[in-house]
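Coordinates in review
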Amino acid sequence: MPTSFRHRPALAAALAGAGALMAGAAARAQEAAAPAAAGAVPDGAMQGAAQAAPDAAAAALASLPHDLSPWGMFVTASPVVQAVMVGLALASVVTWTIAIAKTVELSSAKRKARAALAMLEESRSLSQAAERVGFSQGTAAALVRAVVAETHLSADAPSRDGLMDRAASRLERIESAAGRRMARGTGILATIGSTGPFIGLFGTVWGIMTSFIGISKAQTTNLAVVAPGIAEALLATAIGLVAAIPAVVVYNACSRAIGGHKAQLTDASAAVLRLLSRDIDRHALPRPHGNSRAAE
């Protein structure tokens, strides 16, 4: 038998033994590397990293306001949002103050105008109307006195043709002045009604921006962290609507009431002009010495 065939079993056995030694060495190397890798990161650091996120969330939750009532949200809001809320609250107070004042003023003016119009309709002449009016206050009384004064100033005029025009001009000016007087304060209502929602929206935008900045600092998107800041911001919009809606309603109500009062004054002016026209046709205009005090 040749020599190569005689040594094949011994060669195979040597190769098998070398493979077993290499496999054992690799296993021991893996076992030695595992503790080394585990020892590269300390246990305390791993536990600290695991607890970092819960601790941050807990700190953020601990800093949240516990009172979510309107007053509590106002106290914890940013200074800009607080300034917006205070301004809108003052605007609401102004709205209700004007509403009460205008209600009283227009009610009294309408009552006086109705009584004066009834008196003018019952009067047969301008002199009789002047005697009934006397020195009473009110726009209708001022209309009668203005026409009587014009008749006294035109007593030496050669013609009565321009007396009606001059009297109508006086009455028109008195009506315009009364309308402007009644409309005082309604411009503030219009301003509050038109700008209140936008001022509240500005406070909301500012509050939400501040909330998102706080969210980025807390590094959490927990709804319990996000919700209070957004609620505080939305409170500004709510207060803006509370201030604006009554202002618009009161403004519309005052506009209708002022329009009705102007119609009453127009009727009173027409009644006075009718009395003047009758006196002109009767040649019975008030004389300066007869009603001088009423004409003053």
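Details of the structure are given in the entry above.
Residues numbered from 1 in each chain as written. Predicted model: local features only at pLDDT ≥ 70, side-chain atom pairs only at ≥ 80, totals over all residues. Heavy atoms only, no water.

A cluster of nonpolar residues, F202, W206, M209 and I213, forms a patch on the protein surface that exposes about 360 Å² of accessible area. For I213, the location among the structural elements is in helix α9 (residues 186-218). Here I213 falls in the partly exposed class, since its relative accessible area comes to 41%. (Patch = residues over 30% accessible without salt bridge, like charges linked within 9 Å, V, L, I, M, F, W, Y side chains within 5 Å. Areas by Shrake-Rupley, 256 points an atom, 1.4 Å probe, with all protein chains shown as cover. Salt bridge = Lys/Arg side-chain N within 4 Å of Asp/Glu carboxyl O. Helix = DSSP H or I, 4+ residues; strand = E, 2+ residues; numbered from the N terminus. Buried < 20%, exposed > 50% of the residue type's maximum accessible area, 1.4 Å probe, protein only.)

With that settled, consider the side chain of K102. Examined against the element boundaries, K102 turns out to sit in helix α5 (residues 79-122). Judged by its relative accessible area of 6%, K102 falls in the buried class. Apart from residues no more than four positions distant in its own chain, K102 is found in contact with R181, M182, A183, R184 and C254. (Contact = heavy atoms within 4.5 Å.)

As for its placement among the helices and strands, A178 is situated in helix α8 (residues 163-183). Distance in space between the C-alpha atoms of A178 and A109 is 10.0 Å, their sequence separation being 69 residues. Sequence-distant contacts of A178, defined by excluding residues within four places in its chain, comprise T139 and L265.

Inspection of every chain in the model, using the stated rule, returns 1 aromatic pair. Pairing F202 with W206 gives two aromatic rings, centres 6.2 Å apart and planes at 45°, and the pair type is tilted. In this pair, F202 and W206 both sit in helix α9, 4 residues apart, roughly one turn of the helix. (Phe/Tyr/Trp six-rings, centres within 6.5 Å; stacked < 30°, edge-to-face > 60°.)

Turning to the nonpolar core, a few remarks are in order. Among the nonpolar cores identified, the biggest contains 23 residues, and L120, L126, A129, V144, V147, V272 and L276 are the most heavily contacted of them. Each residue touching A129, except ones within four places of it in the same chain, is listed here: M119, L120, S123, V144 and L275. Within the second largest apolar cluster, 7 residues are counted, among which are M73, F74, A77 and M85. (Core = buried A, V, L, I, M, F, W, Y, C linked by side-chain atoms within 4.5 Å.)

A few words on α9. For α9, built from 33 residues, the straight-helix expectation of 48 Å at 1.5 Å per residue is met to within 8% by its first-to-last C-alpha distance of 48 Å. The principal kink in α9, of about 40°, is found at T195, preceding the proline P197 by one to four residues. Inspection of α9 places T186, L189, I192, G193, G196, G200, G203, T204, G207, S211 and I215 among the buried residues, and these make up the whole buried set. Directly after α9, the chain includes Q219, whose backbone phi takes a positive value near 55°. (Expected span 1.5 Å × (residues − 1). Bend = angle between axes of the 7 residues up to and from the residue.)

Nothing here speaks to function; it is all geometry.
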